[in-house]
Amino acid sequence: MIGSLQTQRANVPELHKQSVKPYHAADFYGMDDLLTEEQILIRQSVRDWVQEKVMPIIEDCAQRNICPTHLIPEMGQLGIFGPQLPVEYGCGGLDQISYGLIMQEIERCDSGLRSMASVQGSLVMYPIYKYGSEAQRKKYLPKLATGEYMGCFGLTEADYGSNPGGMLTNLKDAGDHYILNGSKMWISNSPFADIAVVWAKNEEGRIQGVIVERGMEGFTTPEIHGKWSLRASSTGELVFDNVKVPKENLLPNISGLKGPLGCLDSARFGIAWGAIGSAMACYDSAVQYSKERMQFDKPIGSFQLIQKKLAEMLTEITKAQLLTWRLGVLKNEDKATTAQISLAKRNNVEMALNIAREARQIHGGMGITGEYPMMRHMANLESVLTYEGTHDIHLLILGAEITGIPAFK
Ligand code: TGC
Ligand code: FAD
C-alpha cells in the first residue's frame, strides 16, 4: 500500500522555464576558510543542481501552486534527505555544517523546497533513527533517504499550535494493535506522504510517537488550499478515524513532549541555515539590479540610500553566517542547546525577511513581479517565521533561559 502515490509524484508537470542569472554568493568575512574541502564540495554540488534544475522552474511552481515532487528522486540521489544520519541506513553520514549548507542552498531557491527536505530529514528520518527500533530503522530509513518513501510530521493541531502539549489526538491500546483518533493541522508534505510520524497521547496522557502508513483504513490527508506563502510546498491535514496502527509502529524509545521537541531542535537548526540562503538570494539580486538600473542618468547603486541598504544587508548576512557556523560547530560537538538554536532560528528568519523587503524596494515596481525572487521569498518567510516555533515563542525560550522563569503559561 505504501508508496501508492509514487507514480503521481513521478509525473513531470509542464512548467514554464525562466532564464537564470549567474549567482554570486556573499562571503564578506571569508567564511569559506572555515569550511572543509568536503563541505565546500557538498555545497557546490547542491548549488549547481539547484541553479540548473530548480531555479528555472520555481517561480512557475509557486505561481501555480505546484509542489515539484518530480524532483524527489534527484534530491534522493544528491543525498539531500537525512544527510546527517548514518551511512549504515543509506544516509549521508555527514556533519551538521554540511547539513546546514545543503539547507542553505535549497532555501536560496525556495523555502518550500527546503521545507520538504527538512521535514523528511529532521522530522521523519531523525525520530525514526533516534527513537525507533532497529527493525523500523531498517524498514524505513533507506527508502526515505532515496525519496522512494516520503514522510510528514504530525504535531500541530487546529487548537494546539504553540502549545502542542495540549494535543487531543489519542492512542488506545486494543490488544494486538493501537487505535488512533484525532487530527493534525498544517502538515508539510502530508498530501503526498507515504508515512506520517504522528504524536498522540496514550491512555495515561503521555505523548508517544507512531508511524502511520498511507493506505491504513480511516487515515486521510486533505490538502490545505489558498496559501499565499510556501506555494511550491504541499501542506495538509492528517485525519485519523479509528485507524488501526500495528504495535510494531510505535516508536519504542521515547515518551513525553521531549520526543517531538527534540526533533524540532534538528529542524530549527536547518532553518537557521536555510534562511541565510533566502537572504543571500535577495541580496545578490539587489546588488546586480542596483548596478544595472539607471535613474537620473546614473545606476541607482550610486545613490547613498541604496548603498546604505546594501551595506546593512551584507552586515546582517555576515553576522548570521558567523553565528550559524559557530552553532554548527557546537552541534557537531553535541553541545548546541535548544536556546542557542532558538536564537539562531529567530535571528536569521527575521534577518532574511527584512532583507527580502529591502531588496524588493531596491527593485522598485519590478520587485513585485515573479521576474525577481523577493516577493516569493518574503511570502515564504512569513510561514518560516511562524512554523517550528513562532518568532515570539523563540523569544520566550530565550527569556526562560536567561531568567530561569518560563513565561509561556
Ligand atoms: P516544557 O515543559 O518546556 O517541556 C516539556 C518537555 O520537553 C522537554 N523539552 C525539550 N526536549 C528536547 N528538545 C527541546 N527543544 C525541548 N524543549 C523542551 C522539556 O525538558 C520537558 O521534558 P520532561 O522530561 O520534563 O517532560 O513544555 P511546554 O509545554 O511548557 O512548552 C514549551 C514550548 C512552548 C517551548 C514548546 O511547546 C514549543 O517549542 N512550542 C512550539 C511548538 C512548535 O515549535 N511546533 C512546531 C511544529 S512542527 C513544524 O512546525 C514543522 S514546519 C516544518 C517545515 O515545513 O519546514
Ligand atoms: P498559535 O499558537 O495560535 O499562535 C498565534 C499567535 O499567538 C502567535 O503570534 C504566537 O507567537 C502567539 N502566542 C502563542 N502562545 C503564546 C504565548 N504563550 N505567549 C505569547 N504569545 C503567544 N506543524 C507540524 O506539526 N508539522 C508540520 O509539518 C508543519 N508544517 C507547517 C507548514 C506551514 C506552511 C505552516 C504555516 C505551519 C506548519 N506547522 C506544522 C504548524 C506550525 O508549527 C504552527 O503554525 C506554529 O507552531 C504556530 O501555531 P499556530 O499556528 O496554532 O499559532
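Note that this is a predicted model, so its numbers are computed, not measured.

**Student:** Which residues make up unusual backbone geometry, and what values do they have?
**Tutor:** One non-glycine residue, Asn189, lies in the positive phi region at around 75°. Secondary-structure assignment places Asn189 in the loop between strand S3 (177-188) and strand S4 (195-201). At Phe296, a residue that is not glycine, the phi angle is positive and equals roughly 50°. Take Phe296: it is sitting in the loop between strand S8 (294-295) and strand S9 (298-299). By relative accessible area, which is 72% here, Phe296 ends up exposed.

**Student:** I'd like a description of helix H11 (residues 391-403), backed by residues and values.
**Tutor:** Relative to the 18 Å expected for 13 residues at 1.5 Å per residue, H11 spans 19 Å between its end C-alpha atoms, a close match to the ideal helical length. Of all the residues in H11, the buried ones are His391, Ile393, His394, Ile397, Leu398 and Ala400. On its buried face, H11 is in contact with helix H7 (258-292), helix H9 (338-362) and helix H10 (374-386). Trailing H11 by a residue or two, Gly404 shows a phi angle of about 80°, which is positive.

**Student:** For the site of ligand 2, give the residues involved together with the corresponding values.
**Tutor:** The environment of ligand 2 is formed by 17 residues, the closest being Thr156, Ser162, Trp186, Thr390 and Phe408. Between ligand 2 and the protein, one listed contact pairs an oxygen atom with a side-chain N or O atom of Ser162 at 2.6 Å. Trp186 is positioned such that a nitrogen or oxygen atom in its backbone is 2.7 Å from a nitrogen atom of ligand 2. Structurally, ligand 2 is housed in the largest pocket. Within the residue set of the shell around ligand 2, elements represented by two or more residues are S3, H10 and H11. The residue inventory of the shell around ligand 2, partitioned by class, reads eight nonpolar, seven polar and two charged.

**Student:** Help me get a handle on the domain arrangement of the protein chain, residues and values and all.
**Tutor:** When cut into domains, the protein chain gives domain 1 (2-150), domain 2 (152-249) and domain 3 (258-403). The gap between the C-alpha centroids of domain 1 and domain 2 is 23 Å. Taken together, the contacts link 35 residues of domain 1 with 21 residues of domain 2. Together domain 1 and domain 2 conceal approximately 2,200 Å² of surface at their shared face, both sides included; 61% is due to carbon and sulfur atoms.

**Student:** Now, about the environment of Leu15: what can you tell me, with residues and values included?
**Tutor:** Turning to its location among the elements, Leu15 is positioned in the loop between helix H1 (6-10) and helix H2 (37-63). Exposure remark for Leu15: the relative accessible area of 17% places this residue in the buried category. Other than its neighbours up to four places away in sequence, Leu15 contacts Ile57, Asp60, Cys61, Arg64, Ile66 and His70.

**Student:** Quick one: what's the story with the pattern of salt bridges, residue by residue and with numbers?
**Tutor:** Summed over all chains, the structure comprises 19 salt bridges. Linking Asp110 and Arg376 is a salt bridge whose minimum nitrogen-to-oxygen distance equals 2.7 Å. Taken together, the residues Asp110 in the loop between helix H4 (96-109) and helix H5 (111-131) and Arg376 in helix H10 connect sequence positions 266 residues apart. There is no split in this pair, since Asp110 and Arg376 are both buried. Taken together, the shared-partner salt bridges connect Arg47, Glu105 and Arg108 into one network.

**Student:** I'd like a description of the pairing of S4, backed by residues and values.
**Tutor:** S4 sits mainly inside the fold: six of its seven residues count as buried. One ladder, built from four bridges, connects strand S1 (residues 151-154) with S4; its direction is parallel. Bridging from a neighbouring strand, Cys152 pairs with Ala196 of S4. The pairing of S4 with strand S5 (residues 207-213) spans seven bridges and is antiparallel. The residue bridging Trp199 from the neighbouring strand is Gly209, located in S5.

Rules of the game
Residues numbered from 1 in each chain as written. Chains lettered and ligands numbered in written order. Predicted model: local features only at pLDDT ≥ 70, side-chain atom pairs only at ≥ 80, totals over all residues. Heavy atoms only, no water. Helix = DSSP H or I, 4+ residues; strand = E, 2+ residues; numbered from the N terminus. Buried < 20%, exposed > 50% of the residue type's maximum accessible area, 1.4 Å probe, protein only. Expected span 1.5 Å × (residues − 1). Contact = heavy atoms within 4.5 Å. Near = heavy atom within 4 Å. Polar contact = N/O pair within 3.5 Å; in protein donor to acceptor, adjacent residues only side chain to side chain. 1 Å grid on protein atoms, 1.4 Å probe; cavity = no way out; pocket = protein on both sides within 12 Å on 5 of 7 lines; lining within 4 Å. Sits in = over half its atoms within 2 Å of the grid points. Nonpolar A, V, L, I, M, F, W, Y, C, P; charged D, E, K, R; others polar. Domains from an automatic or database assignment. Buried area = accessible area lost by both parts, 1.4 Å probe. Salt bridge = Lys/Arg side-chain N within 4 Å of Asp/Glu carboxyl O. Pairing = 2+ DSSP bridges.

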